[in-house]
Amino acid sequence: MQPVIPAKEASTAAHDQVYRRLRTRIMHGDILPGTALTLRGIGKQYDVSMTPAREAVRRLVAEGALTLSQSGRVSTPELSNERIEELAALRALIEVELATRALPRAHLALIERLQTINGAVAEAVAHRDAVSYIRTNLEFHRTLYLRAQAPAMLAMAETVWLQMGPTMRALYGRLRRTEPPQYHRHIIAALRAGDEPSLRIAVRSDVTQGLRMLAT
């Protein structure tokens, strides 16, 4: 006989699942900027009641992944140029520090893993798959930053990625990218050489170049 799960625990599990799945979609640019979402639509999509959908939306609004207007309209953010510049600056500060902390632990297996991921980034670019491109690009960075062993700092970086997801999708469409990010190769080379100054420059360039082009 299977144990009976209390209603409160079941609701918590449901909203957490909706939150994580919707959060991933937003972070990977699967939803375009300014897209309106409804609790009814979220509930139907993830097969949950209004309560888990509402709680998931509440958490995502708190993280800046969704915006809530005074009229109650929920949507993915449409970022101003000033906000894009701010988030680009945050990425430069946080991610350069994460990469620097990861450098002493950048063993050969990590470097080979980053090369493999960068191959997946190149494949996504070749297939003009924006969502796969964003997903694999973030996987490249997260894989490196996990070696920093700085979970609070990584959580801050992921919050910025989450806020930027839809905008990165818009950026990808504007740039018409045909080659993978050149700075990934520079990051890998700097890690292999143990060259901290070059690593800092490569990471800063990689995380800010595209965003600044979007803000122009």
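Just so it is clear, the model here is predicted, and its values are computed rather than measured.

Quick notes on the rules
- Residues numbered from 1 in each chain as written.
- Predicted model: local features only at pLDDT ≥ 70, side-chain atom pairs only at ≥ 80, totals over all residues.
- Heavy atoms only, no water.
- Core = buried A, V, L, I, M, F, W, Y, C linked by side-chain atoms within 4.5 Å.
- Buried < 20%, exposed > 50% of the residue type's maximum accessible area, 1.4 Å probe, protein only.
- Helix = DSSP H or I, 4+ residues; strand = E, 2+ residues; numbered from the N terminus.
- Arc of directions from axis to C-beta.
- pLDDT = per-residue confidence, 0-100.
- Contact = heavy atoms within 4.5 Å.
- Pairing = 2+ DSSP bridges.
- Salt bridge = Lys/Arg side-chain N within 4 Å of Asp/Glu carboxyl O.

Visitor: Would you mind showing me how to read the nonpolar core here?
Guide: Burial of nonpolar side chains together is a common tendency in soluble globular proteins. In this structure, Leu98, Leu144, Tyr145 and Leu191 are the most contacted members of the largest nonpolar core, which totals 60 residues. Sort the elements by how many residues they give to this core and helix H7 (residues 151–175) lands first, with 10 residues.

Visitor: Any chance you could explain unusual backbone geometry here in plain terms?
Guide: Glycine aside, residues mostly have negative phi, and peptide bonds are mostly found in the trans state. The backbone of Asp47 sits at a positive phi, close to 55°, despite the residue not being glycine. Located in the positive-phi region is Arg128, a residue other than glycine, with phi close to 55°. Within the secondary structure, Arg128 is located in the loop between helix H5 (108–126) and helix H6 (130–145). When its relative accessible area of 38% is taken as the criterion, Arg128 is described as partly exposed.

Visitor: What is the right way to read helix H2 (residues 39–46) from this model?
Guide: Each full turn of the α-helix corresponds to 3.6 residues, which orients residues three or four apart in the same direction. Three or more residues of H2 are buried, namely Ile42, Gly43 and Tyr46. The buried residues of H2 occupy one face: seen down the axis, they fall within an arc of 100°. Turned more than 90 degrees off the buried face of H2, the exposed positions are Arg40 and Lys44. Note on H2: the residue one or two positions beyond its end, Asp47, has a positive phi of about 55°.

Visitor: Could you clarify how one ought to interpret the environment of Asp47 in this entry?
Guide: Note that Asp47 resides in the loop between H2 and helix H3 (50–62). Once the C-alpha coordinates of Asp47 and Ala14 are considered, the two residues, 33 residues apart in sequence, prove to be 9.3 Å apart.

Visitor: Looking at this model, I keep getting lost on the confidence of the model for the protein. Mind explaining?
Guide: Atom-level detail of predicted coordinates should not be read off regions where pLDDT is low. When the pLDDT values of the protein are averaged, the result is 88; 88% of them are 70 or greater. No element of the protein has a lower mean pLDDT than helix H1 (residues 7–27), at 80, and none a higher one than helix H8 (residues 182–193), at 95. Contacts of residues 1–5 to residues separated by more than four positions or lying in other chains number one contact, the stretch itself having pLDDT below 50.

Visitor: Looking at this structure, how should I read the sheet that holds strand S3 (residues 74–75)?
Guide: Pairing within the open sheet is antiparallel, and its three strands lie in the order S1-S3-S2. Two strands lie at the open edges of the sheet, namely strand S1 (36–37) and strand S2 (67–68), each paired on one side alone. Pairing of S1 with S3, which is carried by two bridges, proceeds in the antiparallel orientation. Across the sheet, Ala36 pairs through a bridge with Ser75, a residue of S3.

Visitor: What is the right way to read the pattern of salt bridges from this model?
Guide: Think of it this way: side chains of opposite charge can pair up when their charged atoms draw near. For the structure shown, the criterion picks out 10 salt bridges. A salt bridge links Arg25 to Asp30; the shortest N-O distance between them is 2.8 Å. Relative accessible area serves as the criterion here: at 24%, Arg25 is assigned to the partly exposed category. Arg91 is the partner of Glu95 in a salt bridge, and the nearest nitrogen-oxygen pair spans 2.5 Å. Here the residue Glu95 and the residue Arg91 both occupy positions in helix H4 (residues 81–102), the gap between them amounting to four residues, near one helical turn. The pair Glu95 / Arg91 is uniform in exposure class, with both members buried.

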